Amino acid sequence: MGIKILTEHIGKEDLKPIDAYMKYGGYTAVKKALTSMSPDAIVEEVKKSGLRGRGGAGFPTGMKWSFLAKPEGKPRYLVCNADESEPGTFKDRYLMMHSPHTLIEGMIVSSFALGANTSYIYVRGEMMFVIRILEKAIAEAYAKGLLGKNILGSGYNLDLYVHPGGGAYICGEETALLESLEGKRGNPRNKPPFPAVSGLYACPTVVNNVESIAATSWIINNGGDEYAKIGIGKSTGTKLISACGNINNPGVYEIELGLSVEEFLYSDQYCGGIANGKKLKALVAGGSSVPILPANLITKTANGESRLMSYESLSDGGFATGTMLGSGGFIVFDEDQCIVRNTWNFTRFYHHESCGQCSPCREGTGWMEKVLHRIEHGHGHMHDIDLLVDVAKKIEGNTICPLGDAAAWPVGSAIRHFRDEFEWHIKNPSEATRKGAVYRKEAVFA
Amino acid sequence: MENTAPQLFKVTIDNIEVEVAPGTTILQAARQIGSHVAPPAMCYYTSLKGTGGKCRACLVKVTAGSAKDPRPMPKLVPSCITTVQDGMIVENTVNEQVLETRKGVVEFLLINHPLDCPICDQAGECHLQDFAFEHGRGTQRYEEERRTFEREDIGPYIQLHMNRCILCYRCVFTAEQLTNKRVHGVLNRGDHAEISTYISKAIDNDFSGNMIDVCPVGALTDKTFRFKQRVWFTKPVTAHRDCEHEKCSGKVTLWYKGEDVLRVTGRKNEWGEVTEFICNTCRFDKKKTSDWVIEGPAKVSHHSVISANHYEKKAIPEFGFKQAAQQYKQIDDLPVQLPEGEKKPVGIVVRPDSK
């Protein structure tokens, strides 16, 4: 059993009341940080820990913090990105609904480290119940003197607000999130300037994922070096993985990075294998945006090494034979799932969620969806496959924000690995549109 | 004495060196060299703050970031909002990737565009026409249904054709920066995003007419000029008047047909941009020659279709040649396995003016 940092006490009892949380050593990091550490020392510890952003991109958190501009006379902000809307990802919701104080403690410590006196948690609008849980928890923290003026007599002031989003996926992009927080239309901004220089209300801002912020309190308590010992190589620490799809035990699991994919997928402790004794067909390892992998590339990399749950191992081989850890949305497909239908479904999502600001994404996502809809419903042509690849290539890298890439990758990878399935759909429209019909080719099964 | 002259940055665009002031964007630097290297711009508008970065038409390749840090930038960058660094090397028309991406942008902008140029008032001075003409692929791959919108009345002077809109946001910035109160904006998201006043509220303020001038396509057109005349049959004349409105420059272009002034617009420069805006009184109410002090005939230099009241003849064969050359090559290099007895297909280039 690997070490658990964030979810260790979840399930023992209800951790929502602050007293229950404090019974398990909660808020000791706040005491330690505010009374005995300097902000710079905290940033140094987080740097040492090697903690990487858990929202999907995997950018080192400590590095991000050290980029924060500190001009005189301007406030600085910390914004927690809890707008978790990636299909297949539900880890932040799990953490916030079971242990809201883990996030709040992390917010206090991180805000102190960054010198922010006002911080926001931007929560996805659909998760209203989570917002209520967080607000109640924040009120308790205020009552205990852990938030507000002069926290624990240290002279440090912090106000923490929860901001419900409007339910737009695009507002999970950090600059769109800031626009939305300012009360504007959630359109991503052009970068540079980056939020570290000009973010919320044109002030220096750090935007971090829920999981990254929550991990900082453990780092304060135990030291960055201790954290760096967990995990493998540059993928330090633990990661929450939300596993779903055709597996026996769907749910959120905290794993030590470096666990093998095979163990995670088949061990009873985690996913428990493919449901109903079916065979594995494909896997999306990090939320719908990352490239899909066929069965033969899931447990082993292209050069035969065992694939591990880590940033490096999952992206081994680039996009040709690899994928990304992303946000940790682990979606498993068994042999009965249709890849064309799934790709169409993902594309439908991106078409619906594109903000419409820049042309490749606005028009391209809709185009891909329509073509995939046609193929799935038996009206495809052979040249549509190359058209999809070309459209995806024209979108990728040419948009303001990463939503364009996120829309293009699933399409590109699905065609790269499952081209024969697309061709089968086009060649056999009457068979492919029959209910429950799935293309089977034994070679792709592990 | 200390040298107080500002340090100039040396930038190389398409192998042409130019010296510009710090803070200049790549697009502006390229425009200083000339129109043959300047990237196209569909959403950027020099006189409106905050525009740019949206249409992706002006993407260029930066092969060296600066003299200090000569690493290339990993992605193509929007030249309209990327500022130059000393020693930067930019590739625009000489880079295949840039040209290919631009083709893609044209295609994206056109897939939901109605292509109703024959009945569109903007035809002949449309930036999208120019852009597609100069950078597009000339054929269409989109087979799906185009998205359409309900027609909406936004006011007495301006006709909104949302189907033609490319969502450049220029009119939003115009209303924000020139008028006292913006009453229209972008609703919804994705390809269903639309310019709208939401409650069909009439746009009525003294500077709203400038939205027509900034619109790169025929989405916002002049109701007083609607279906009156094709622009290439009208004769542009520069003129001015002392306008009582303090923010109005009073400098305009009058578009004549015979003795009649059919419409009044702001003066557009080489890049199709108005730098001095005019008020609605000048635009919509002063349509007599006696209202104006005539300066002389105006030259329309930027546009390929309308140019000094006649078609630019050379543009068409060049475009055709490019197309023909590509097609010809494809046929020639066709690696087909022909059945026995059949002959290889032959491509023929025909010039439109060949005898």
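In this text, all values refer to a predicted model and were calculated from it rather than measured experimentally.

A. How the structure looks around the packing of aromatic side chains. For the structure on display, the rule yields 20 aromatic pairs over all chains. Plain terms: the ring middles of Tyr21 of chain A and Tyr27 of chain A are 5.4 Å apart, the flat faces sit at 80 degrees to each other, and that makes the pair edge-to-face. When its relative accessible area of 0% is taken as the criterion, Tyr27 of chain A is described as buried. For the ring pair Phe59 of chain A and Phe67 of chain A, a centre distance of 6.3 Å and an interplane angle of 40 degrees mean the geometry is tilted. Of the aromatic side chains, those joined through ring pairs into one cluster are Tyr77, Tyr120, Tyr161 and Tyr201 of chain A. One Lys or Arg, Lys54 of chain B, reaches over the ring of Tyr169 of chain B and ends 5.0 Å from the middle of that ring. Geometry around Phe225 of chain B places Arg263 of chain B over its ring, the cationic atom sitting 4.7 Å from the centre.

B. Local environment of the domain arrangement of chain A. Residues and elements named next belong to chain A. Per the domain assignment, the segments of chain A are domain 1 (18-229), domain 2 (237-334) and domain 3 (339-444). Distance from the C-alpha centre of domain 1 to the C-alpha centre of domain 2: 28 Å. Facing the 17 residues of domain 1 at the interface are 22 residues of domain 2. Here domain 1 packs against domain 2, burying approximately 1,500 Å² in sum over the two surfaces, 53% of which is carbon and sulfur. For domain 1, the biggest contributors to the area lost against domain 2 are Arg54, Phe90 and Lys91; these three give 30% of the whole. Of the charged contacts, one joins Glu312 and Arg52 as a salt bridge, the two residues approaching to 2.9 Å between their closest N and O atoms.

C. Structural view of the sheet that holds strand 3 (residues 59-64) of chain B. Residue and element names in this part refer to chain B. Taken together, five strands build an open sheet; the order of strands is 2-1-5-3-4 and the sheet is mixed. Bordering the open sheet on either side are strand 2 (16-20) and strand 4 (77-78), each of which pairs with just one other strand. In this structure, strand 1 (residues 9-13) lies alongside strand 2, joined through five bridges in antiparallel fashion. In the strand pairing of strand 2, Lys10 is matched with Glu19. Helix-sheet contacts for helix 1 (residues 26-33) involve strand 1, strand 2, strand 3, strand 4 and strand 5 (88-91), and the interaxial angle to strand 2 is about 115 degrees. Docked against the sheet, helix 2 (residues 96-111) engages strand 3 and strand 5, running at close to 165 degrees with respect to strand 3.

D. Region of interest: the domain arrangement of chain B. All names here are of chain B. The domains assigned to chain B are domain 1 (9-105), domain 2 (112-297) and domain 3 (315-355). In this structure, domain 1 and domain 2 have C-alpha centres spaced 27 Å apart. Contacts between domain 1 and domain 2 engage 22 residues on the former and 23 residues on the latter. Of the roughly 1,900 Å² buried at the junction of domain 1 and domain 2 (both faces included), carbon and sulfur atoms supply 63%. The interface formed by domain 1 and domain 2 contains one salt bridge. The partner of Glu273 in a salt bridge is Arg31, with the nearest N and O atoms 3.3 Å apart. In terms of residue count, the dominant contributor to the side of domain 1 that touches domain 2 is helix 2 (four residues). Per-class residue counts for the side of domain 1 that touches domain 2 are 10 nonpolar, six polar and six charged.

Reading guide: rules and limits
Residues numbered from 1 in each chain as written. Chains lettered and ligands numbered in written order. Predicted model: local features only at pLDDT ≥ 70, side-chain atom pairs only at ≥ 80, totals over all residues. Heavy atoms only, no water. Phe/Tyr/Trp six-rings, centres within 6.5 Å; stacked < 30°, edge-to-face > 60°. Buried < 20%, exposed > 50% of the residue type's maximum accessible area, 1.4 Å probe, protein only. Lys NZ or Arg CZ within 6 Å of the ring centre and 35° of its normal. Domains from an automatic or database assignment. Contact = heavy atoms within 4.5 Å. Buried area = accessible area lost by both parts, 1.4 Å probe. Salt bridge = Lys/Arg side-chain N within 4 Å of Asp/Glu carboxyl O. Pairing = 2+ DSSP bridges. Helix = DSSP H or I, 4+ residues; strand = E, 2+ residues; numbered from the N terminus. Axes fitted to C-alpha atoms, helices over the stretch in contact; angles between N-to-C directions. Nonpolar A, V, L, I, M, F, W, Y, C, P; charged D, E, K, R; others polar.

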